[in-house]
Amino acid sequence: MRGALGGPGVLLRRLREVMAASISPQERLDRLVVLIAGNLVAEVCSVYVLREDGSLELYATEGLNREAVHLTLMRAGEGLVGLIAREAEPLALSDAQNHPAFSYRPETGEEIYRSFLGVPILRGGAVMGVLVIQNRATRLYSEEEIESLQTTAMIMAEMIAAGGLKSLAPPGASIGLDRPIHGIGVSLADGVGLGHAVLHEPRVAITNLIAENPASEVKRLEAAIAEMRTSIDELLERGDVAHTGEHREVLETFRMFAHDQGWLRRMREVVMTGLTAEAAVERVQSDTRAKMLRQTDPYLRERLHDLDDLANRLLRTLMGKANGVAREELPENAILIARSMGPAALLDYDRAHLRGLVLEEGGPTSHIAIVARALGIPAVGEIVNATALVQAGDAVIVDGQAGEVQIRPQPDVENAYKDKARLRARKQEQYRKLKSMPAVTKDGVPILLQINAGLLVDMPNIEATAASGIGLFRTELQFMVAEHMPTTSEQQALYNAVLDQAQGRPVTFRTLDIGGDKVLPYMERVEEENPALGWRAIRIGLDKPRLLRAQLRALLRAGAGRDMKIMLPMIATVDEFQRARMIVRREQAMLAKQGHAPPLSLQLGVMVEVPSLLFELAEIAREADFLSIGTNDLMQFLFAADRENKRVADRFDPLSVSALRALRSIVEAASEAKCPVTVCGEMGGKPLETMALIGLGYRAFSMSAAAIGPVKAMLRALDVERLHERLDWMLASPDGVASLRPQLAALAAEFKVPV
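Caption draft 1: View of the pattern of salt bridges. Taken as a whole and assessed by the stated rule, the structure comprises 41 salt bridges. Taking the shortest distance from any N to any O, the salt bridge between Glu-217 and Arg-220 comes out at 2.7 Å. Here Glu-217 pairs with Arg-220, and both are found in helix 5 (residues 214-238), just three residues apart, close to one helical turn. Relative accessible area serves as the criterion here: at 29%, Arg-220 is assigned to the partly exposed category. Salt-bridge contacts for Asp-399 lead to Lys-420; the nearest nitrogen and oxygen are separated by 2.5 Å.

Caption draft 2: Quick look at the sheet that holds strand 11 (residues 354-359). Read across the sheet, eight strands follow the order 7-14-13-9-10-11-12-8 without closing on themselves; strand pairing throughout is mixed. The open sheet has two free edges, formed respectively by strand 7 (181-184) and strand 8 (186-189), since each of these has just one partner strand. Across the sheet, the axes of successive neighbouring strands diverge by a mean angle of 30°, strand direction being ignored. Seen against the sheet, helix 14 (residues 411-433) touches strand 9 (192-199), strand 13 (395-399) and strand 14 (404-407) and runs at an angle of roughly 120° to strand 9.

Caption draft 3: Representation of the packing of aromatic side chains in the model. Within this structure, the stated rule accounts for three aromatic pairs. Ring centres 4.9 Å apart and planes at 0° place the aromatic pair Phe-639 and Phe-652 in the stacked group. Within this pair, whereas Phe-639 is found in the loop between helix 22 (631-638) and helix 23 (657-672), its partner Phe-652 is found in the loop between helix 22 and helix 23, the two being separated by 13 residues in sequence. A residue is classified by how much of its surface remains accessible, and Phe-639, at 17% relative accessible area, is buried. Looking at Phe-652, the relative accessible area reads 36%, which means it is partly exposed. Sitting above the plane of the Phe-626 ring, Lys-565 keeps its charged end 4.6 Å from the centroid.

Caption draft 4: Quick peek at unusual backbone geometry. Positive phi, close to 65°, is recorded for Met-570, a residue that is not glycine. Within the element layout of this structure, Met-570 appears in the loop between strand 18 (563-568) and helix 20 (574-593). A residue is classified by how much of its surface remains accessible, and Met-570, at 1% relative accessible area, is buried. Positive phi values are uncommon outside glycine, yet Ala-640 reaches one of about 50°.

Caption draft 5: The arrangement of the pairing of strand 17 (residues 507-510) in detail. Of the two faces of strand 17, the one carrying Val-507 and Phe-509 and the one carrying Thr-508 and Arg-510 are both buried. For strand 16 (residues 470-474) and strand 17, the ladder comprises three bridges, and the chain directions are parallel. When the sheet's bridge partners are listed, Ile-470 is paired in strand 17 with Val-507. Where strand 17 and strand 18 come together, three bridges link them in parallel fashion. Looking across to strand 18, one finds that Phe-509 is bridged to Ile-566.

Caption draft 6: Representation of the confidence of the model for the protein chain. Counting all residues, the mean pLDDT for the protein chain is 86, and 89% of those residues have values of 70 or more. Low confidence marks residues 239-247, where pLDDT is under 50. Its contacts with residues over four positions away, or in another chain, come to 22 contacts. Residue range residues 323-327 is modelled with pLDDT below 50. Its contacts to residues more than four positions away, or to other chains, number 14 contacts.

Caption draft 7: Representation of the sheet that holds strand 3 (residues 73-74). The strand order across the open sheet built from six strands is 3-2-1-6-5-4, with neighbouring strands paired in antiparallel fashion. Lying at the two open borders of the sheet, with one neighbouring strand each, are strand 3 and strand 4 (91-93). In terms of strand pairing, strand 2 (residues 56-62) meets strand 3 through two bridges, oriented antiparallel. Of the residues in strand 3, the one forming a bridge with Leu-56 is Met-74. The strands touched by helix 4 (residues 143-161) within the sheet are strand 1 (44-50), strand 4, strand 5 (115-123) and strand 6 (126-135), with strand 5 carrying the most contacts at an inclination of about 40°.

Reading the values: rules and limits
- Residues numbered from 1 in each chain as written.
- Predicted model: local features only at pLDDT ≥ 70, side-chain atom pairs only at ≥ 80, totals over all residues.
- Heavy atoms only, no water.
- Salt bridge = Lys/Arg side-chain N within 4 Å of Asp/Glu carboxyl O.
- Helix = DSSP H or I, 4+ residues; strand = E, 2+ residues; numbered from the N terminus.
- Buried < 20%, exposed > 50% of the residue type's maximum accessible area, 1.4 Å probe, protein only.
- Pairing = 2+ DSSP bridges.
- Axes fitted to C-alpha atoms, helices over the stretch in contact; angles between N-to-C directions.
- Contact = heavy atoms within 4.5 Å.
- Phe/Tyr/Trp six-rings, centres within 6.5 Å; stacked < 30°, edge-to-face > 60°.
- Lys NZ or Arg CZ within 6 Å of the ring centre and 35° of its normal.
- pLDDT = per-residue confidence, 0-100.

What follows is the structure in structure tokens.
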């Protein structure tokens, strides 16, 4: 390497000696910068450490004025050092003072140095500081020198992460590793949870960073890569991808990246700088993560997850650890942190110790969100880089109501949330007192309140909330948490158990609503440009009648001698409903022929969620035994706004004039045909939205169990007649307003209705 003395191996061996020496943290840093400067033939070597306020503090230097140590601060984004921290990229300049970001700090005496090379100190893609070398003469730093400095920065990152510099931080100015972080994401499940972080996939702890023999480390890396490739190939070739719980498409992507020469070459190059094979994997992935986290392209962000998964597999192979999710004993108050999770994985944890869930992925309508709400676990999704920002055991607060996460909160913030949790507990107690009171409005209008469910763990919520029954049982959840396609007998066993635990209360079973974003791991994925508008729900059932018939057979057998309600999702035309009804009748006839007892009664309903049905309302209300409004999809399709797309998901309000007029047309058509109608989407579980729906004429709702109390408190204070008059007036003369939310909120305040 040009400009280096002894090569990277010599530098790393000397670094290891300094790291192992029994000296103070400041003395260790001082020796390290002298060693780095000498090896890289630099006149200056400086270490800047990120503080909790986002500024960068000079912690050690060789060549600059030592009196500036712990006095020189660079504000977030200030100067070349701040630029490196912000961009998480190396910066090499032959004439630093002419760079537009250059910031002169006279106390350091650096004005005589022209050449500049700085690299971020990274761990898990998160910036922890900046390592800099400088020279007086104009110098073009080579790729090898940049690589060497990056490798050295990784050693420093591990030292910072291990807490080696905590004692050097001035009072009230903790290093960035310990800084409080306020993350803003999206609410998945309501509630407030305080506890300590548990990583769903714990990081592989790398204890040996510096290689004794780089050539042998390259061989170890090559062997681990070959083993990883073989394991992925075997999964695909054996044909039992379903048993692994991973989509074949995901494994195909893994195989593509596992053979990516650029990624693999980068790891080999890093090994040759003197790191062990596992340290090289960690180093390359940290660099990649830092770059890709700063990308806005969702495709690139998704590829980051693929590379994360591959790097973890490779690390576990190198260190002899089993691939997959590591389990550990949960602490008393556990906040689970994960990139993403399936419903089955969440159900594996001890609910008694789980206080919250934080995900890097996942929206409010995702499957994991549905299960979290069913379990009553506060959850927040879309917290960027959560798994890298959090250390196991960190204090974490999850605010599921606001969609916010506090990591390592300050005492005053923690106390404020404790107060919020206590206030919430008092409100929950007030809601519990309403349990025995009827769901009747102030002016005597009865309202039917039911809960949404999808698993047996939901069933105790009927009794806990005194709900009238289950207005929506999502049968697809059984398929999503299973490793194989549930047999007819397995389905029947679940439906029997659900009806038994309902104890005579009505249960509305929705047939499989799969496809779109609900892809079963053991079914072939169909690539579609617009999956939400594609082959899903009843469309799959009508095209694959054996799948639909098997489920209907299980439902009808489970309903023997009992009242049975079956609802068909994603019906777009009356013809689709009639075709599905014919399949139901054939199954009824087949069971009768085989001597099976029929249900005491059978009602077949339609989920209204496709706007085309709004123009066949009179016909569908005459044909179906009942209607149920799926507001999630109906609003998505009505406004042509993908609810998973953050750019447009919140662009349109379900309390807008157009949405409320559409909903009014449904309830009016159902009333004219004397067809019962229920709202079972998210809209029906929010007090203000439910108030508006009652004003439109809706009298039956199905919602999450947690929403029953707030909705009942709202409706018991409501005068329906007054609301109906005012809402009709608002809809008749909107004056071009985008949403009636402000007017409805003001109306609730005027009526003293808690929303």
